[in-house]
Structure formats: C-alpha cells, structure tokens
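Chain by chain, the residues:
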Amino acid sequence: MTHLGYLLVGWGLTIGCGVLYSIHLVRRGRALAARVPTTRRRWLTADER
Amino acid sequence: MSDDLSPQVPRPTRKGRRWFPALIGVAVLVVVIGLVFNLVSGSLFFYNADEAVERRSDLGDERFTLQGAPIGCSIVEGFSGNDPVVAFSVTFGGETVDVVHFGDPAELFQPDVAVVLDGAWAEGVAPVDGFDGLADDGWHFASDRMRVKHDNDYINEEGYDERLVQSGAARADAAGACTT
Amino acid sequence: MTQPMAAAATEQGSADNPASTGSRTTLGLGLVVLVGLVAVVLLGFFGAPEDDQQRDAVRMIFVHVPSALLTYVAFATTALGSVMWLWKRSVWWDIVAHSAAEIGVMFCGLTLATGSIWGRPTWNTYWDWGDVRLVTTLILFLIMVGYLSVRSMGDDDATATRASIIGLIAAVNLPIVNRSVEWWFDRTLHQKSSLTDGNLEDLTLFTLVLAIVVWGLFFLWAMTHRFRVGWLERELRSGDLDEAIAARKAEALIDGDFQNGASS
C-alpha cells in the first residue's frame, strides 16, 4: 500500500480525536450528573424518572 | 457567605464591555470582507498560462505563480550541475509557456494534470539539454516550487483508458503541438 | 456544590437511572457508530480501490470529506441556535448552539489536519496561503475558536449573546468556504467536490457515503451527550443559586427572629 504513513496519521488522528472527545464527554457527564438531582435532568423520559 | 445583610452599594458597571460583541463582530467582518475582496481581485494566487503571457511585460522579473497543464511530449528531466531539473511546456487558454523547474518534480507530476509553479520570467532558451520548448518565444518560466492541481475524479484503473481518451482540450492541444 | 444537592443526586442514582448523560438510545447509537466505524476502516483500507493518479493516498477522502461535511452541519446548527437565542432567548437552543460549536471545532480542526496530510503527497505541499478553500476554512476555524473562548469567559446571558453574534458571523463564511472551489475554480489549488460532480463510483462511493453516515451518527451521539452536559452545567448553576438564595432567606429570618426576640 502506498502512502501508508500519511494514511495512518490521518485516520489515526481522526479516530483518535473522536474517541478521546467521546471519553471526555462521558466522564464530564458522569461527574456532573452525580451532582445534579435526577428531577433536574430534563432529557429523561417520564418512565426513566 | 457574609453575615452582612445590609443593602449593598451596587458595583459600577463596566460600560466598555457593552461594545465587546460589536467590536468582535466588526473586526471579524472586516477580515472576512477584506479577504473576499482580495480573492475577487484575482491577483491573490496564480496567473494561468495565457494571463502570464499577456502580462509578461508588466511582470518583468517579479516572482509570481503560474498555472498550466504539462504537455506530455515536452517533458525532459536532467541536471543543472548536481541538482535535478525538469523542463516542460504548459498550456492553458490556448497559450503555451516553456518551464524549467529547479528541483525534483512533484510526486503526481504527469502530463495533462495541471501544475502550479512559483517563479519568474527569464529571457532566453531554457537551459536544459534535449529540451525543445513548444512555446519557443525567447522566454521561459524559471520555477523553484511545484504543486499539482489534480482533478476531483477518483475512478479506479478500470476506467483509466477511457479517461485518457476523454481528457479534453489540453491533451488535444498537446498532441497537436508535439506533431507540428 | 452544596451538600444537600449532591446527596439528593447520589441517592437517586440507580441501575435504571444511572448518574450519567447516557441512556439506552445513546448506548445503542454508540454501538452502531462503533460497528460502522470498523466497517469504514475495513472498506476504506481494503475494500475501496486505489486511484489511478493518487494511488492509495485517495483513501484520505474517507476521513477528510465526512469531517468537512460535519463541520458545515455543526456550524450551521450553531448559527440556528444563535438565531433562536437572540430571537426567543431559548436556553435549549443556546445549549444546542454551544454544543454544536464545540463538536464543529473538532471536526473543522480535523478537516484542516487531514486535508493538509492529504495535500502533501498529492499537491506536493501541506499548505498554501494562496488557496481560497484552505484560507477561508482556517478563518472559519479561528472564528469558532473565538466563539468557544468567549463562551469560556462566563456563563451569563450577555456572554451567550456575544457568542451568538460570533456564531452568526461564522455562518456568513460557511457558503464562501463551501462554494469557493466553484467560484474561484481557475484560482484555487483545491479540487471541486467529487461527491456532487458524480466523480466517484462503486465501492469508493459506497465507502464514502457509509463514512459520512457513520460520522453523522457520531455527531448525533456527541451532540446528545454534549447537550446533556450543557444542561447539567446550567442546572448546577441554577441549583447553587437557588440554595444560596434559600440560605440567605433563612439567615434573614433567623436574624429577624433574633431581633424581634431581643426587642420583646
């Protein structure tokens, strides 16, 4: 395969950023959710409440 | 929390901050408008081969960027001392320009795929052995930086022969120029 | 954070109601994205054919083009949210605008990075300051980094208004970025859109469309989580404020009772 170095950097950067941002979002969400009562989380459905 | 529940004197408001969004807005708008005018002026990036020929006397020995499609039969690779050099003719808008590029050609450098070159007009015949410039007008473009302006056609090799047949006016011009 | 609020949140966390921004829907969406991403990697590297000019470098298209398209989607969403904030003072839309801007900056950065990496073997340069598409995209990126910087200065309504104005200014640049390769075709290094020009076929086209769908689903997943994070941050601030006001009122009542008792 030609240009493998460029491909690995480009693909790695894209997928790596997506994964790292996802982990950051989930962890940030968990930290915040632990501090806010369930009744104040508007996105929850009636059943989940 | 403070135990003092007596009425507080309001803190003075910073009036300057009201202008903050307006200032940012105006600054960014000026940049965007300036950029657009600069782009519309047409002098930002490159001259196509026909424009470069037309403006040759104005350009003099000034550095500028040239764009054109290399003519396959004109390409000659060689050396200037120990340094690699490639000579070829490019065409655009019915005009042909002889080019000498000092340095290795770009990886995708090939006939009919347009190149964008930085350099300046130089008087005289291109100093590369075996190069027979198709423009042959007593001038050549001396380049030291090459980019490839490839097309947006990502079709695999099965269609390659068909693409070569249909590759348009530049190829036809090139074929005509090389046989005359 | 005050203790009663934290205690209430901890008590109410359970298996059915986890203390996170996740839900069954986002979990399912996340799994679809993961499976889709594996398929895109396999097709992108081993399924789709190489190009006759670019050889295997063409495989950058499967990360670059989706990033660029989602940059447009994200910043257009920010612009819509900004309009709704300025017009209706809608908190919901304000959080949407902020969330889309954050994700959009990531995609825009990736567009610039992957384009630059792709440019080296194909254009023979990582960057060209004279190219319209490249420079306008960089300006878009910088404006939206400015948007996030303004957002980080505060969380009040005035900050949201300032950010909204910047979000709308960035939106003016969106059509310029997108159309630049058409408007300045004879002046730009960047090629035209392959997707709209119909210059893709078979497995290359399929893989690109799949990649766009998968990254689009990732955008939805990230938007959902980021919106919930934004919502939680707002709830936390208003909760703290409610408790501070209540505490102040309680102190005032105690103080009043004390004064009444002393005078009687």
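Everything below is about the structure printed above this text.
About the thresholds
Residues numbered from 1 in each chain as written. Chains lettered and ligands numbered in written order. Predicted model: local features only at pLDDT ≥ 70, side-chain atom pairs only at ≥ 80, totals over all residues. Heavy atoms only, no water. Helix = DSSP H or I, 4+ residues; strand = E, 2+ residues; numbered from the N terminus. Buried < 20%, exposed > 50% of the residue type's maximum accessible area, 1.4 Å probe, protein only. Areas by Shrake-Rupley, 256 points an atom, 1.4 Å probe, with all protein chains shown as cover. Contact = heavy atoms within 4.5 Å. Buried area = accessible area lost by both parts, 1.4 Å probe. Salt bridge = Lys/Arg side-chain N within 4 Å of Asp/Glu carboxyl O. Polar contact = N/O pair within 3.5 Å; in protein donor to acceptor, adjacent residues only side chain to side chain. Nonpolar A, V, L, I, M, F, W, Y, C, P; charged D, E, K, R; others polar. Pairing = 2+ DSSP bridges. Phe/Tyr/Trp six-rings, centres within 6.5 Å; stacked < 30°, edge-to-face > 60°.

A. Broad picture of the overall build of chain A. Scanning chain A from N- to C-terminus turns up one helix and zero strands. Counting every position in chain A, which comprises 49 residues, the buried fraction comes to 39%. Of the accessible surface of chain A, which amounts to about 2700 Å², a share of 64% is contributed by carbon and sulfur atoms.

B. Structural context of the interface of chain C and chain A. The interface of chain C with chain A comprises 55 residues on the first partner and 36 residues on the second. Both faces considered, chain C and chain A share a buried interface measuring about 4300 Å² in area, 70% of it formed by carbon and sulfur atoms. Put simply, chain C and chain A have two salt bridges between them. Note that E233 of chain C and R28 of chain A form a salt bridge whose closest N and O atoms lie 3.1 Å from each other. Where chain C touches chain A, the interface holds five residue pairs in polar contact (both at pLDDT 80 or more). Of all elements in the fold, only α1 (3–12), α2 (24–47), α3 (61–88), α4 (91–122) and α8 (202–263) of chain C reach the threshold of two or more residues within the side of chain C that touches chain A. When residues of the side of chain C that touches chain A are assigned to their parent elements, the largest contribution, 16 residues, is made by α8 of chain C. Along the lines of polarity and charge, the residues of the side of chain C that touches chain A split into 31 nonpolar, 13 polar and 11 charged.

C. Up close: the environment of V115 of chain B. All names here are of chain B. Within the fold, V115 resides in strand β6 (residues 115–123). According to the relative accessible area criterion, V115 is buried, its value standing at 0%. In this structure the C-alpha to C-alpha distance between V115 and L66, which are 49 residues apart in sequence, comes to 8.1 Å. The residues touching V115, leaving out its near neighbours within four places in the chain, are L66, Q67, G68, P70, F88, V90, F109, M146, R147, V148 and K149.

D. Inspection of the pattern of salt bridges at higher detail. Counting across every chain of the model gives 14 salt bridges over all chains. Among the ionic pairs, R145 of chain B bridges to D128 of chain C, the shortest N-O distance being 3.9 Å. Residue R145 of chain B is found in strand β7 (residues 139–148), and its partner D128 of chain C is found in the loop between α4 and α5 (132–152); the two belong to separate chains. The network of salt bridges with common partners includes R28 of chain A together with E102, R226 and E233 of chain C.

E. Unusual backbone geometry, seen in detail. All names here are of chain B. Of note in this structure, D112 is not a glycine but carries a positive phi near 75°. Counting through the fold element by element, D112 comes out in the loop between β5 (95–102) and β6. Residue D136 is not a glycine yet carries a positive backbone phi of 50°. Here D136 shows up in the loop between β6 and β7. Residue class for D136 comes out exposed when judged on its relative accessible area of 62%.

F. Fine view of the pairing of β7 of chain B. Residues and elements named next belong to chain B. Alignment of β5 against β7, held across three bridges, turns out to be parallel. From the neighbouring strand, V100 faces β7, where its bridge partner is A142. Two strands pair when backbone bridges link them, and β6 and β7 are joined in this way by nine bridges, in the antiparallel orientation. Among the inter-strand pairings, A120 is bridged to a residue of β7, identified as A142.

G. Expanded view of the packing of aromatic side chains. Tallied over the entire structure, the rule returns 16 aromatic pairs over all chains. Between W127 of chain C and W129 of chain C, the aromatic rings sit 5.4 Å apart at their centres with planes inclined by 70°, giving edge-to-face as the arrangement. In this structure W127 of chain C comes out as partly exposed when scored by relative accessible area, which is 22%. Given a relative accessible area of 62%, W129 of chain C falls into the exposed group. Relative to W221 of chain C, the ring of F218 of chain C has its centre 6.1 Å away and its plane inclined at 20°; by these criteria the two rings are stacked. Remark: W221 of chain C and F218 of chain C occur in helix α8; sequence separation between them is three residues, near one turn of the helix. Each of the two residues, F218 of chain C as well as W221 of chain C, counts as buried. Linked through ring pairs, Y47, F64, W121, W139 and F141 of chain B together constitute an aromatic cluster.

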